[in-house]
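Close look at the chain arrangement
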Amino acid sequence: MPKKGTKSTKGTDDEPQQQQNKLPDHLELQRTRVICKAGAPTHTEGFQYSGAYAAMGVDTSVSVDKFCMNFKVEVKRLTEDDMEFDMIGVDASIANAFRRILIAEVPTMAIEKVFMVDNTSVIADEVLSHRLGLIPLDADPRLFDYMSENDVPNERNTIVYKLHVSCQKGSPRLTVKSGQLEWLPEGSQLNMAAPAQSGNKQKTYTSFSQSQKDISKESLGVKFKDITIARLGPGQAIELEAHAVKGIGKVHAKWSPVATAWYKMLPEVVLLKEIKDDDAEKLVKKCPVNVFDIEDLGNGEKRAVVTKPRSCTLCRECVMGPSEEQVRLTRVRDHFIFTIESTGALPPEVLFTEAVKILEEKCERVISELS
Amino acid sequence: MEHGSVTDSTASSFSIMEEDHTLANSVRFVLNQDPRVAFCGYSIPHPADNKVNIRVQTTGDSAKDVLKDSLQDLMVMCQHVRGTFDTAVSDFRQNKTAEGMDIDLNKKK
Ligand code: SF4
């Protein structure tokens, strides 16, 4: 890393004649690429300080305007529950913030409390409860509030599910699937205490003042109906009520809205010289994911070309051995291939916008605290 | 929240509760782009503590104002990211319906 003090040496005359605002090629390469050699990658660490090249009269800082001009997003794949897009012109620190927020701080609903009425199955109560917690629910968390310690469970912060299954004596073993969890839009059906003398309505574990059907147009079931929860032998039964609340992945992974969210830097494969005939064939064979292809030059000559750099896994097979000098492998430092796999509560594109909003909220919070 | 010397407002450490690398690293990036910043860095004193310390030293302006400006910049960047992302998604959807089929050029593997 260059010392910051070099800033003041701007304009000394032993510098080679520099074009304004352009670094010499080798420095530009170091600045914008991670270079992958056969041994180990080099220049992995970016230059954080915007004045790092100020001595050469080059301003590499990223002002907001510059950022807004250069930032690009290209969606490559978008399905109901996963997406891949390119995020171009952004620093790793910000891309990483989005990734971290996606995994740990975008809220979802998950089962948090389980009221066990009966469980004679072989699976222990706590294990069963844990399994229930991990089931992805098809409920939009934006419709709900967080439940804090002193809150009473109501229709705005709790979703109630019931599970009542039993396996008759003499029948074969039964598999309990997540689809058998039944959503109770009117709230809990379990009474808190033994029936009172008077004919009053019993107090249950939730106090819903309206049906959840009025809050959510869609039914708040489970996302996947075929997840095995338990297996019951003849004569065994499970009866329980499960309460789902809103939470974030930081507290428990069951609230994480993504199966994974990850990014990688765009691989760049450059042929440093013309590779022909046999060497070309060899090179094409070396790559396990077929990044290279052969181009026919006519008159019996063949040449290797890079056709699919995007699928390069940077296994570095092509730079091993004698071909080391032929191929240059780099990664583009500010080009991220971002992938989001949603667990189902929200579609991936919504998850990403939510994540960005959360980062904004964080900034806002700190600004107001500083004021 | 703010520990700095009383006499010198150009250098301060800010201790932010309930935050981690997510915010601190992004803010450090934005701070580093600001020509008024002479030095900045952050640390999490202990992984069990839910807080992060951000150090800002400036060339003359108040460190607090510079940090605030950086946070403001980060917010503007986020808004831009959100806008760009939304347009990209709707463009993608439109193209897809125009093509009428699911061509996945960049599918890996
Ligand atoms: S690094 Fe591996 S995957 Fe990438 S081009 Fe070379 S051989 Fe192919």
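For clarity, every value in this text was computed on a predicted model and none was experimentally measured.

**A closer look at the overall build of chain B**
- Regarding its fold elements, chain B presents 2 helices and 4 strands.
- Along its sequence from the N terminus, chain B presents helices and strands in the succession β-β-α-β-β-α.
- Across the 109 residues in chain B, those meeting the buried criterion constitute 39%.
- For chain B, restricting intrachain contacts to residue pairs at least 6 apart in sequence, the fraction spanning at least 24 positions comes to 56%.
- Within the structure as shown, chain B displays about 5800 Å² of accessible surface, and the carbon and sulfur contribution to it stands at 50%.

**With respect to the sheet that holds strand β6 (residues 159-166) of chain A**
Residue and element names in this part refer to chain A.
- Ordered by their spatial adjacency, 4 strands build an open sheet running β5-β10-β6-β8, and the pairing between neighbours is antiparallel. Unpaired on one side and paired on the other, β5 (108-119) and β8 (182-183) mark the two borders of the sheet.
- Where β6 and β8 come together, 2 bridges link them in antiparallel fashion. Its bridge partner being in β8, Tyr 161 is matched across the sheet by Trp 183.
- Lying over the sheet, helix α4 (residues 125-133) contacts β5 and β10 (237-247), oriented at roughly 150 degrees with respect to β5.

**Section: unusual backbone geometry**
Residue and element names in this part refer to chain A.
- Phi at Leu 314 is positive, roughly 55 degrees, even though this residue is not glycine.
- Here Leu 314 is to be found in the loop between β13 (302-306) and β14 (327-342).
- Taking the relative accessible area as the measure of exposure, Leu 314 reaches 13% and is therefore buried.
- If you check the backbone angles, Arg 316 has positive phi at about 70 degrees while not being a glycine.
- With respect to the helices and strands, Arg 316 occurs in the loop between β13 and β14.
- Judged by relative accessible area, which is 22%, Arg 316 ranks as partly exposed.

**Digging into the site of the ligand**
- Around the ligand, the structure places 13 residues, and the nearest of them are Cys 287, Cys 312, Cys 315, Arg 316 and Cys 318 of chain A.
- Here the shell around the ligand is built from residues that sort into 10 nonpolar, 1 polar and 2 charged.

**Details of the interface of chain B and chain A**
- Across the boundary between the two partners, chain B contributes 46 residues, which contact 49 residues of chain A.
- For the chain B and chain A pair, buried surface summed over both sides reaches about 4700 Å², with 64% attributable to carbon and sulfur atoms.
- Where chain B touches chain A, the interface holds 5 salt bridges.
- With a shortest N-O distance of 2.5 Å, Arg 93 of chain B and Glu 349 of chain A are connected by a salt bridge.
- Across the chain B-chain A interface, the total number found is 11 residue pairs in polar contact (both at pLDDT 80 or more).
- Every element with two or more residues in the side of chain B that touches chain A is listed here: β2 (11-17), α1 (21-32), β3 (37-43) and α2 (63-99) of chain B.
- Ranked by the residues each element gives to the side of chain B that touches chain A, the list is headed by α2 of chain B, at 23 residues.
- For the side of chain B that touches chain A, the class distribution of residues is 22 nonpolar, 11 polar and 13 charged.

**Concerning the nonpolar core**
- Core analysis: the biggest nonpolar cluster contains 59 residues, and Phe 85, Met 87, Phe 98, Leu 102, Ile 340 and Phe 352 of chain A together with Leu 31 of chain B have the highest contact counts within it.
- With 13 residues, the top contributor of residues to this core is α2 of chain B.
- Residue contacts for Phe 352 of chain A: discarding those within four places in its chain leaves Phe 85, Met 87, Phe 98, Leu 102, Phe 338 and Ile 340 of chain A together with Val 81 and Phe 85 of chain B.

**As for the domain arrangement of chain A**
Residues and elements named next belong to chain A.
- According to the domain assignment, chain A contains domain 1 (66-104 + 260-339) and domain 2 (108-193 + 203-256).
- Computed from C-alpha coordinates alone, the two centres of domain 1 and domain 2 are separated by 45 Å.
- With 4 residues of domain 1 at the contact, the number on the domain 2 side is 5 residues.
- Contact between domain 1 and domain 2 buries roughly 280 Å² in total, counting both sides, with carbon and sulfur atoms accounting for 35%.
- Per-residue buried area on domain 1 facing domain 2 is highest for Glu 80, Ile 103 and Ala 104; these three make up 84% of the total on that side.
- Summed over the shared surface of domain 1 and domain 2, the number is 1 salt bridge.
- We note a salt bridge from Glu 80 to Lys 223, for which the minimum N-O separation is 3.6 Å.

**Focus: the packing of aromatic side chains**
- A full pass over the atoms with the stated rule returns 10 aromatic pairs over all chains.
- Consider the rings of Phe 98 of chain A and Phe 352 of chain A, whose centres lie 5.4 Å apart with planes at 70 degrees: the pair is edge-to-face. Within this pair, whereas Phe 98 of chain A is found in helix α3 (residues 92-104), its partner Phe 352 of chain A is found in helix α6 (residues 348-370), the two being separated by 254 residues in sequence.
- For Phe 98 of chain A, a relative accessible area of 0% gives the class buried.
- An angle of 40 degrees between the planes, with centres 4.4 Å apart, marks the rings of Phe 352 of chain A and Phe 85 of chain B as tilted. On the criterion of chain membership, the pair formed by Phe 352 of chain A in helix α6 and Phe 85 of chain B in helix α2 is interchain, its members lying in two chains.

**Quick word on the environment of Lys 113 of chain A**
- With respect to the secondary-structure elements, Lys 113 of chain A resides in strand β5.
- In this view, Lys 113 of chain A contacts Met 147, Glu 241, Ala 242 and His 243 of chain A; residues no more than four positions away in its chain are not counted.

**A few points about the packing of α3 of chain A against α6 of chain A**
Residues and elements named next belong to chain A.
- Relative orientation of the contacting elements α3 and α6 amounts to 105 degrees, with a least axis distance of 9 Å. Relative to α6, the element α3 lies roughly perpendicular. On α6, the residues touching Ala 97, Phe 98, Ile 101 and Leu 102 of α3 are Leu 351, Phe 352, Ala 355, Val 356, Ile 358, Leu 359 and Lys 362.

**Quick word on the environment of Phe 67 of chain A**
- When you line up the elements, Phe 67 of chain A lands in helix α2 (residues 64-70).
- Sequence-wise, Phe 67 of chain A and Gly 89 of chain A are 22 residues apart; in three dimensions their C-alpha atoms are separated by 7.1 Å.

**Brief notes about α1 of chain B**
- For α1 of chain B, spanning 12 residues, the distance from its first C-alpha to its last is 16 Å, which sits close to the expected 16 Å at 1.5 Å a residue.
- Across the 12 residues that make up α1 of chain B, a large majority, 10, are buried.
- Here α1 of chain B has its buried residues at Thr 22, Leu 23, Ala 24, Asn 25, Ser 26, Val 27, Phe 29, Val 30, Leu 31 and Asn 32 of chain B.
- Each element contacted by the buried residues of α1 of chain B is listed here: α3 and α6 of chain A together with β3, β4 (51-58) and α2 of chain B.

Analysis parameters
Residues numbered from 1 in each chain as written. Chains lettered and ligands numbered in written order. Predicted model: local features only at pLDDT ≥ 70, side-chain atom pairs only at ≥ 80, totals over all residues. Heavy atoms only, no water. Helix = DSSP H or I, 4+ residues; strand = E, 2+ residues; numbered from the N terminus. Buried < 20%, exposed > 50% of the residue type's maximum accessible area, 1.4 Å probe, protein only. Contact = heavy atoms within 4.5 Å. Areas by Shrake-Rupley, 256 points an atom, 1.4 Å probe, with all protein chains shown as cover. Pairing = 2+ DSSP bridges. Axes fitted to C-alpha atoms, helices over the stretch in contact; angles between N-to-C directions. Near = heavy atom within 4 Å. Nonpolar A, V, L, I, M, F, W, Y, C, P; charged D, E, K, R; others polar. Buried area = accessible area lost by both parts, 1.4 Å probe. Salt bridge = Lys/Arg side-chain N within 4 Å of Asp/Glu carboxyl O. Polar contact = N/O pair within 3.5 Å; in protein donor to acceptor, adjacent residues only side chain to side chain. Core = buried A, V, L, I, M, F, W, Y, C linked by side-chain atoms within 4.5 Å. Domains from an automatic or database assignment. Phe/Tyr/Trp six-rings, centres within 6.5 Å; stacked < 30°, edge-to-face > 60°. Parallel < 35°, antiparallel > 145°, perpendicular 65-115°, else oblique. Expected span 1.5 Å × (residues − 1).

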